[in-house]
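Spelled out from the first residue to the last, the chains are:
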Amino acid sequence: MRSFRRLAGVAPEDAAIPSPNIWNWPDVYERENRAQDVEGAIWAALRETVPWRGADVLDVGCGDGFHLPVFAAEAASVTGVEPHAGLVERARRRVGGRATVLQAGAAALPLPDASVDLVHARTAYFFGPGCEPGLAEAERVLRPGGAIAIVDLDATVPPYGDWMRADLPRYRPDRVEQFFERQGFSMRRIRTIWRFPDRDTLEAVLRIEFSRPVAERAIAQTTGLTLAVGYRLHVRRKETFRA
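Note that the structure is a prediction, hence the values are computed from the model and not measured.

Student: Help me get a handle on the pairing of strand β1 (residues 56-60), residues and values and all.
Tutor: With 5 of its 5 residues buried, β1 lies for the most part within the structure. Neither face of β1 is exposed, since Asp56, Leu58 and Val60 on one face and Val57 and Asp59 on the opposite face are all buried. Direction of pairing for β1 relative to strand β2 (residues 77-82): parallel, over a ladder of 5 bridges. Opposite valine 60, over in β2, you have valine 81 as the bridge partner.

Pasting the structure below:
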């Protein structure tokens, strides 16, 4: 996945870390978002693990705000943070007054200490070693008893995971999982289905997610309009102060 090219290292705190898929092809990425997890398995796991009804929610790396309305339907407040100015504007148009969208990176969140109950990030910034500054910031803005929920692709699940590893031979899923375990996160594996409306959409999505050779291989190996894609949900709660 092209956004995972950031795994080579985290940029300085004042620099945005590019996400080539959505930054360069936001309209195709919108079509991808609509195709992802059509059965709602990720949302079901989040509702079970970190329910947000009546909570103050922060979505880190919110992109153009695709997930913000889902949180806003139940949360007390929703804030999206995104470093790319163009995506910030798209997100603001999407949510209207239902959420606040701020331009900033994960390593310097423009929120007060202990101001949110849930920090959510989906395939954004938190890819394992190197994301410690963002984890520290997430912990800072969380209230005691709040949670960080990180949703990331599971590169151990074929076929999508096979294509990811082909594009990123240095990426080691086991080491990423060990990193989050050492940081005190639980882990839950989630199987999802991506369903595309037509071949043109499927092929366009694969071409923004992978290098040309891997994308062409993925297209050739996908005979229908669905893909099985695995995710990991990592969750860590902030300790509640004790008297």
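Student: Help me get a handle on the packing of helix α7 (residues 160-167) against helix α10 (residues 212-221), residues and values and all.
Tutor: Two quantities define a packed helix pair, namely the angle between the helix axes and the distance between the axes. Between α7 and α10, whose axes approach to 10 Å, the crossing angle comes to 160°. When the interaxial angle is binned, α7 and α10 end up roughly antiparallel. In the crossing of α7 with α10, the sense of the turn from one axis to the other is right-handed. Counted together, Asp162, Trp163, Ala166 and Asp167 of α7 and Val214, Arg217, Ala218 and Gln221 of α10 form the full contact between these two elements. Residue composition of the contact of α7 with α10, grouped by class: 4 nonpolar, 1 polar and 3 charged.

Student: Outline the sheet that holds β2, listing residues and values.
Tutor: Across the sheet, which stays open at both edges, the 7 strands sit in the order β3-β2-β1-β4-β5-β7-β6 with mixed pairing between neighbours. Of all the strands in the sheet, the pair left with one neighbour each is β3 (100-103) and β6 (186-195). When strand polarity is set aside, the average angle formed by the axes of neighbouring strands in this sheet is 20°. In terms of strand pairing, β1 meets strand β4 (residues 116-122) through 4 bridges, oriented parallel. Along β4, the bridge assignment pairs valine 57 with leucine 118. Against the sheet, α7 makes contact with β5 (142-153), β6 and β7 (226-237), and its axis sits at roughly 75° relative to β7, the strand it touches most. This element, helix α8 (residues 173-182), spans β5, β6 and β7 of the sheet and lies at about 25° to β7.

Student: Any chance you could break down the side chain of arginine 122 for me, citing the residues and the numbers?
Tutor: In this structure, arginine 122 sits in strand β4. A distance of 3.4 Å separates polar atoms of two side chains, one belonging to arginine 122 and the other to histidine 120. Those residues in contact with arginine 122 that sit more than four places away from it in its chain are Ile42, Trp43, Leu46, His67 and Val151.

Student: Which residues make up the environment of threonine 100, and what values go with them?
Tutor: The topology assignment puts threonine 100 in strand β3. For the pair threonine 100 and leucine 225, spaced 125 residues apart in sequence, the C-alpha separation works out to 35 Å. Sequence-distant contacts of threonine 100, defined by excluding residues within four places in its chain, comprise Val78, Thr79 and Gly80.

Student: Quick rundown of the packing of aromatic side chains? Include the residues and the values.
Tutor: A full pass over the atoms with the stated rule returns 11 aromatic pairs. Pairing tyrosine 160 with tryptophan 194 gives two aromatic rings, centres 5.0 Å apart and planes at 55°, and the pair type is tilted. Placement of the pair is tyrosine 160 in helix α7 and tryptophan 194 in strand β6, with a sequence separation of 34 residues. Looking at tryptophan 194, the relative accessible area reads 0%, which means it is buried. Ring geometry for phenylalanine 180 and phenylalanine 185: centres 5.4 Å apart, planes at 80°, overall edge-to-face. No difference in accessibility class separates phenylalanine 180 from phenylalanine 185, as the two residues are buried. Ring pairs connect the aromatic residues Tyr160, Trp163, Trp194, Phe196 and Phe210, which therefore count as one cluster. Sitting above the plane of the tryptophan 43 ring, arginine 122 keeps its charged end 4.5 Å from the centroid.

Cut-offs and rules
Residues numbered from 1 in each chain as written. Predicted model: local features only at pLDDT ≥ 70, side-chain atom pairs only at ≥ 80, totals over all residues. Heavy atoms only, no water. Buried < 20%, exposed > 50% of the residue type's maximum accessible area, 1.4 Å probe, protein only. Helix = DSSP H or I, 4+ residues; strand = E, 2+ residues; numbered from the N terminus. Pairing = 2+ DSSP bridges. Axes fitted to C-alpha atoms, helices over the stretch in contact; angles between N-to-C directions. Parallel < 35°, antiparallel > 145°, perpendicular 65-115°, else oblique. Left-handed = near helix turned anticlockwise from the far one by under 90°. Contact = heavy atoms within 4.5 Å. Nonpolar A, V, L, I, M, F, W, Y, C, P; charged D, E, K, R; others polar. Polar contact = N/O pair within 3.5 Å; in protein donor to acceptor, adjacent residues only side chain to side chain. Phe/Tyr/Trp six-rings, centres within 6.5 Å; stacked < 30°, edge-to-face > 60°. Lys NZ or Arg CZ within 6 Å of the ring centre and 35° of its normal.

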